[in-house]
2 protein chains.
Amino acid sequence: LMANLELVRGTRDFLPEEKIFRDRIISIFRTAFENYGFVPIETPAIEKWETLSAKFAGGASILEETYNFDDRAGRKIGLRYDLTVPLARVVAMNPNLIMPFKRYSIDKVWRYEEFKPGRYREFYQCDCDIVGVKSMLAESECFSMAVNIFSKLGFDDYIIKLNNRKILSALLDYAGIKTKKDEVFLIIDKLDKMGSDEASKMLIEIGIKKEKIEKLFKTLQIKGSSEKILVELEKLISKNEGIDELREILSYGKLMGFGSRIQISLSLVRGLSYYTGTIFEFSVSESKIGTITAGGRYDSMISKFAGKENEIPAFGISFGIERIIDVMKKRNMYKSESSLTKVFTAPILDKVLPDAIVIAENLRKKGINTEIEMLSRTLKKQLEYADKKGIEYVVILGEKEISEKMATVRNMKTKEEKKINFNDIYSIIK
Amino acid sequence: LMANLELVRGTRDFLPEEKIFRDRIISIFRTAFENYGFVPIETPAIEKWETLSAKFAGGASILEETYNFDDRAGRKIGLRYDLTVPLARVVAMNPNLIMPFKRYSIDKVWRYEEFKPGRYREFYQCDCDIVGVKSMLAESECFSMAVNIFSKLGFDDYIIKLNNRKILSALLDYAGIKTKKDEVFLIIDKLDKMGSDEASKMLIEIGIKKEKIEKLFKTLQIKGSSEKILVELEKLISKNEGIDELREILSYGKLMGFGSRIQISLSLVRGLSYYTGTIFEFSVSESKIGTITAGGRYDSMISKFAGKENEIPAFGISFGIERIIDVMKKRNMYKSESSLTKVFTAPILDKVLPDAIVIAENLRKKGINTEIEMLSRTLKKQLEYADKKGIEYVVILGEKEISEKMATVRNMKTKEEKKINFNDIYSIIK
């Protein structure tokens, strides 16, 4: 082996078996996205640093993880770290886009993250965003679509944790917390993981008074049915858009069938600072895996990008496609395939190769994925090859048979063999 | 607009209309590749510099165009400039791959090329390679597949220029040229473009004697049918593997139907130094566009990568997907679509929105791509939207109709409207 022949750390090759599986998953996503009226766009992998580092974009911590370099003209460019910033740029640069703009993108992003198992430095994101819609129909359509996708993928054990930044803000007001709101949010976000004692300590450290913390935590810990939580909330923060928005989602949820999966989770924050309303997570039961899809509403980020005063509302759902694939593999939720070929034509002698070619070309024309033996191997070796690749049928051609325009079709699973006329091969195989 | 909001030079956004078109083209390629028994693989966009700069890979001039940078640990990495080097790396690193290994990749590459119209710094390559096959069946299958693809895309006016490096070498021997063969090849490659006077001058400049040049040019200018050229060649270079290989391809070409497109072009060289046998180009008639697909056989490159003594034969065809798309656009060879949605459900009043939702969700479940009005617009505006997006049907829902479970289905092309029961919407639309 050539010295140092290895992959860049955190990157992966997808060999056929893995790639075929990933393509199937991606095809399920695309079909569902298009079924709900989304259209695809594609943006470059490399973006100007000015775009990636815009102050209303991903934020300082993500920039630390961003691959960047100078091109030969000395311009600083970087590999994109998400698909949301490019979307904001596209909307800002194309004021004539038809609204609402429902776009999907399934594409690679790069982050120079700490190297851990299950973490990659080059990985896929899979995003749907609806730009130009304030109504909670945007949220609800995406939830309904996600539920359909998870059902097609074979997931059933997940809930939709739902919250709203407007409620969180009101609860901070209610508790009398008026400063360091963003820092408080970040601590609340980890409340479930670290417990209230630890979170309390951290809040005290940044200068929040104990009585305020206790008042806040009491509200965050309201539990029960969605309706019960909303009723309790209304007693504390009577008029709140966030509550109205959650109610709206719940009512659409009844019509669309995802209502029973909703679990209002008042301590859910989601890290990004650009969220302005709805925030949510789809979580599976395994605690180690947790979130498989997440997102939220960001009504002001795009208009800031565009330098416009009027809000350009937007809601996005990001499917954690890498994590979904990992879970599906762990749970054996897929059929492994190392080939997409259905028929292998096996000439026993070089002399009959022309017939093998003609048969293969005819099958191909009829849409049957077909391979021809190219190595003049023995029949035994050819059958081994077809078996290893999981090919369903082998068309065996010998000298005698050929003279009568006959071939033997072998079903590789049942090991059944049938001697038939050339013209009947397709009808057996299709 | 935010200051400096622009794309990196030589990169492009694909907005829905463009992206939908590109996806359709890519889907035609994939279907054909799989039809011929190829499987997909995917490799990282970023590779170690040691891999990209291996001396048997793309060569020094391509490295000058390669984006490279140090990661935070000080390791030099680069953005891949083609898909062949990653393939060689994959084969070298995975000695257990089942042979023959027929893989396809359709993916982005990056080159910091001189900035010209129609040239991109981030662009797609679309490659099929067959590893492990010495037989000209590899070449022939790829040609047959390409002919099928071009027929599906709507191309008919192209030829397959074909040559073999083994013949070129023999012709140099015949002319008595024993040194600077690679430089001579590069000059021959431009013979057709610059004419024989200019080429002759350049050959003299690198020290080739006039009589040798004349002897060489006389052979390169042999014209006529493929068979005639081969017969003439045999008179000069009696025993040559390259001639046998061309004959083999021609005979498969008769069986597979691409034979009539073959034009043996003795001055065809193809730039890359790793080609060892067959070289070819698919060219359309417009002289400005020229080559739309090209490739060749490289029997020693992968084994050098793997550090093995035994040859690992390989043949590759690279579809010039960017150029093919450009030609198709220039020739109006595609139907522009700005949406993939078939039905738009248009509630006239917010009151009937729940019915619109239920209707839309039912159509979606049946596989019909459907959108719902999300902006509470007037019917007129909703119809304008559906029209702009090229949506075929609008389901109009008013208060009166709803009470009788009736809706009006409007065909946006014919402008025909039909009032029908909710349950019959699908049967009209499908």
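It should be emphasised that the depicted structure is a prediction, and the values quoted were computed from it without experimental measurement. (Residues numbered from 1 in each chain as written. Chains lettered and ligands numbered in written order. Predicted model: local features only at pLDDT ≥ 70, side-chain atom pairs only at ≥ 80, totals over all residues. Heavy atoms only, no water.)

Novice: Account for the overall build of chain A, naming residues and giving values.
Specialist: In terms of helices and strands, chain A carries 17 helices and 16 strands. Relative to the 2.2 N^0.38 estimate, which gives 22 Å for 430 residues, the radius of gyration of chain A is 28 Å and therefore markedly larger than a compact globule would have. By its C-alpha atoms, chain A is 95 × 55 × 45 Å across when sized along the principal axes. Counting over 430 residues, chain A shows a buried share of 58%. Across chain A, the fraction of contacts at a sequence separation of at least 24, relative to all contacts at a separation of at least 6, is 66%. In the form shown here, chain A has an accessible surface area of approximately 18500 Å², with 48% of it arising from carbon and sulfur atoms. Placing the 71 positive and 63 negative side-chain charges of chain A at their respective mean positions leaves the two points 1 Å apart. (Helix = DSSP H or I, 4+ residues; strand = E, 2+ residues; numbered from the N terminus. Rg over C-alpha atoms; globule rule 2.2 N^0.38 Å. Buried < 20%, exposed > 50% of the residue type's maximum accessible area, 1.4 Å probe, protein only. Contact = heavy atoms within 4.5 Å. Areas by Shrake-Rupley, 256 points an atom, 1.4 Å probe, with all protein chains shown as cover. Lys, Arg positive; Asp, Glu negative; His and termini not counted. Charge placed at Lys NZ, Arg CZ, Asp CG, Glu CD.)

Novice: Any chance you could break down the packing of helix H1 (residues 16–35) of chain A against helix H5 (residues 137–153) of chain A for me, citing the residues and the numbers?
Specialist: Residues and elements named next belong to chain A. One can describe the packing of H1 onto H5 by two numbers: an axis separation of 10 Å at closest approach and a directional angle of 150°. Overall, the two elements H1 and H5 adopt an arrangement that is roughly antiparallel. Like other packed secondary-structure pairs, H1 and H5 cross with a definite hand, here right-handed. Seen from H1, the contacting residues are Ile-25, Ile-28, Phe-29, Ala-32 and Phe-33; seen from H5, they are Met-145, Ile-149, Lys-152 and Leu-153. Of the residues assigned to the contact of H1 with H5, the class counts are 8 nonpolar, no polar and 1 charged. (Axes fitted to C-alpha atoms, helices over the stretch in contact; angles between N-to-C directions. Parallel < 35°, antiparallel > 145°, perpendicular 65-115°, else oblique. Left-handed = near helix turned anticlockwise from the far one by under 90°. Nonpolar A, V, L, I, M, F, W, Y, C, P; charged D, E, K, R; others polar.)

Novice: Kindly report on the environment of Val-91 of chain B, identifying the contributing residues and their values.
Specialist: Residue and element names in this part refer to chain B. Within the secondary structure layout, Val-91 lies in helix H4 (residues 84–93). By relative accessible area, Val-91 is classed as buried at 6%. For the pair Val-91 and Ser-427, spaced 336 residues apart in the sequence, the C-alpha separation amounts to 52 Å. Val-91 has contacts with Leu-97, Met-99, Phe-101, Val-131 and Ile-302, leaving out every residue within four places of it along the chain.

Novice: Before we move on, could you go through the nonpolar core and cite the residues and values that matter?
Specialist: Formed by 113 residues in total, the largest nonpolar core has its most connected members in Phe-29 and Phe-33 of chain B. A total of 10 residues in this core trace back to one element, the largest contributor, which is helix H5 (residues 137–153) of chain B. With 112 residues, the next largest nonpolar core counts Tyr-81, Val-85, Ile-229 and Ile-279 of chain A among its residues. (Core = buried A, V, L, I, M, F, W, Y, C linked by side-chain atoms within 4.5 Å.)

Novice: Kindly report on H5 of chain B, identifying the contributing residues and their values.
Specialist: Residue and element names in this part refer to chain B. The end-to-end C-alpha distance of H5 is 24 Å, a good match for the 24 Å that 17 residues give at a rise of 1.5 Å each. When you tally the buried positions in H5, you get 14 out of 17 residues, the bulk of the element. After H5 finishes, the residue Gly-154 shows a positive phi value of roughly 100°. (Expected span 1.5 Å × (residues − 1).)

Novice: Outline the pairing of strand E6 (residues 122–131) of chain A, listing residues and values.
Specialist: Residue and element names in this part refer to chain A. When you tally the buried positions in E6, you get 10 out of 10 residues, the bulk of the element. Burial along E6 is two-sided: the residues Glu-122, Tyr-124, Cys-126, Cys-128 and Ile-130 and Phe-123, Gln-125, Asp-127, Asp-129 and Val-131 are all buried. Pairing of strand E5 (residues 101–110) with E6, which is carried by 10 bridges, proceeds in the antiparallel orientation. Of the residues in E6, the one forming a bridge with Ser-105 is Asp-127. Note: E6 against strand E11 (residues 314–319), 6 bridges, orientation antiparallel. Counted as the bridge partner of Asp-127 is Ser-318 from E11. (Pairing = 2+ DSSP bridges.)

Novice: Could you give me a rundown of the environment of Lys-178 of chain A, with the residues and numbers involved?
Specialist: For Lys-178 of chain A, the location among the structural elements is in the loop between helix H6 (165–175) and helix H7 (181–189). In this structure the C-alpha to C-alpha distance between Lys-178 of chain A and Ile-208 of chain A, which are 30 residues apart in sequence, comes to 9.6 Å.

Novice: Quick one: what's the story with the packing of helix H11 (residues 241–256) of chain A against helix H14 (residues 353–365) of chain B, residue by residue and with numbers?
Specialist: Axis separation between H11 of chain A and H14 of chain B bottoms out at 10 Å; the angle between their running directions is 45°. With respect to H14 of chain B, the element H11 of chain A is oriented oblique. The chirality of how H11 of chain A crosses H14 of chain B is right-handed. Mapping the contact onto sequence places Tyr-252, Leu-255 and Met-256 of chain A in H11 of chain A and Leu-353, Pro-354, Ile-357, Val-358 and Glu-361 of chain B in H14 of chain B.

Novice: I'd love a proper account of the sheet that holds strand E9 (residues 278–284) of chain B, names of residues and values included.
Specialist: The strands making up a sheet associate through backbone hydrogen bonding, with each pair oriented either parallel or antiparallel. All names here are of chain B. On the basis of which strands lie adjacent, the open sheet formed by 8 strands has the order E1-E5-E6-E11-E10-E9-E7-E8 and mixed pairing. Pairing within the sheet leaves two strands with one partner each, and these edge strands are strand E1 (39–40) and strand E8 (262–264). Packing against the sheet, H5 makes contact with strand E5 (101–110), strand E6 (122–131), strand E7 (158–164), E8, E9, strand E10 (291–297) and strand E11 (314–319), and its axis sits at approximately 15° to E11.

Novice: Requested: an account of helix H15 (residues 379–388) of chain B, with residues and values cited.
Specialist: Residue and element names in this part refer to chain B. Turning to H15, its buried residues number three or more, namely Gln-382, Leu-383, Tyr-385 and Ala-386. The buried residues of H15 all sit within an arc of 155° when viewed along its axis, so they share a single face. For H15, the exposed residues set more than 90 degrees away from the buried face come down to Lys-380, Asp-387 and Lys-388. Buried-residue contacts for H15 involve strand E12 (343–347), strand E13 (370–372), strand E14 (393–397) and strand E15 (406–411). Positive backbone phi, at 70°, marks Gly-390, one or two positions downstream of H15. (Arc of directions from axis to C-beta.)

Novice: Lay out the interface of chain B and chain A in plain terms, naming residues and giving numbers.
Specialist: Taken together, the contact pairs 103 residues of chain B with 102 residues of chain A. Taken together, the two surfaces of chain B and chain A that pack against each other cover about 8900 Å², and 62% of this comes from carbon and sulfur. On the chain B side of the contact with chain A, Glu-42, Arg-72 and Met-374 of chain B bury the most area, a combined 9% of that side's loss. Arg-364 of chain B is paired through a salt bridge with Glu-141 of chain A; the nearest N and O atoms lie 2.5 Å apart. At the junction of chain B with chain A, the criterion picks out 39 residue pairs in polar contact (both at pLDDT 80 or more). Among the elements that take part in the side of chain B that touches chain A, helix H1 (residues 16–35) of chain B stands out by supplying 7 residues, more than any other. When its residues are assigned to classes, the side of chain B that touches chain A shows 55 nonpolar, 19 polar and 29 charged. (Buried area = accessible area lost by both parts, 1.4 Å probe. Salt bridge = Lys/Arg side-chain N within 4 Å of Asp/Glu carboxyl O. Polar contact = N/O pair within 3.5 Å; in protein donor to acceptor, adjacent residues only side chain to side chain.)

Novice: Before we move on, could you go through the relation of the copies chain B and chain A and cite the residues and values that matter?
Specialist: Think of it as a corkscrew move, a rotation about one axis and a shift along it, taking one chain copy to the other. When chain B is fitted to chain A, the residual RMSD is 0.0 Å, and the transformation amounts to a turn of 180° plus an axial shift of 0.0 Å. Taken together, the rotation and translation relating the two chain copies correspond to the operation of a two-fold axis. Taking C-alpha positions as reference, the residue of chain B nearest the rotation axis is Phe-69 of chain B, located at 3.0 Å. Of all interface residues in chain B, 99% are interface residues in chain A too; the two copies therefore contact each other through one and the same surface. (Least-squares fit on C-alpha atoms with pLDDT ≥ 70 in both.)

Novice: Account for the side chain of Asp-127 of chain B, naming residues and giving values.
Specialist: Residue and element names in this part refer to chain B. Structurally, the position occupied by Asp-127 is in strand E6. Here Asp-127 is buried and forms no salt bridge, its nearest opposite-charge partner Arg-103 lying at an N-O distance of 4.5 Å. Those residues in contact with Asp-127 that lie beyond four places of it in its chain are Leu-83, Thr-84, Arg-103, Tyr-104, Ser-105, Ile-317 and Ser-318.

Novice: How would you explain the sheet that holds strand E13 (residues 370–372) of chain A if you had to name every residue and give the values?
Specialist: Residues and elements named next belong to chain A. Sheet architecture is open: 5 strands sit in the order E13-E12-E14-E15-E16, paired in mixed fashion. A single partner strand is all that each edge strand has here, and the edge strands are E13 and strand E16 (417–421). Taking each pair of neighbouring strands and ignoring which way they run, the sheet shows an average axis angle of 25°. The sheet contact formed by strand E12 (residues 343–347) and strand E14 (residues 393–397) spans 5 bridges and is parallel. Paired with Thr-345 across the strands is Val-395, a residue of E14.

Novice: For the packing of aromatic side chains, give the residues involved together with the corresponding values.
Specialist: What characterises a pair of aromatic rings is the spacing of the ring centres plus the angle enclosed by the ring planes. In the structure shown here, the tally under the stated rule is 43 aromatic pairs over all chains. Between Phe-143 of chain A and Phe-258 of chain A, the ring centres sit 5.6 Å apart and the planes meet at 85°, which makes this aromatic pair edge-to-face. In this pair, Phe-143 of chain A is assigned in helix H5 and Phe-258 of chain A in the loop between H11 and strand E8 (262–264), connecting sequence segments 115 residues apart. The burial state of Phe-143 of chain A is the same as that of Phe-258 of chain A; both residues are buried. Grouping aromatic residues by their ring pairs yields a cluster made of Phe-29, Phe-33, Tyr-104, Phe-143, Phe-150, Phe-155, Tyr-158, Phe-258, Phe-280, Phe-282, Phe-315 and Phe-319 of chain A. The residue whose ring lies beneath Arg-377 of chain B is Tyr-385 of chain B, and the NZ or CZ to ring-centre distance is 4.5 Å. (Phe/Tyr/Trp six-rings, centres within 6.5 Å; stacked < 30°, edge-to-face > 60°. Lys NZ or Arg CZ within 6 Å of the ring centre and 35° of its normal.)

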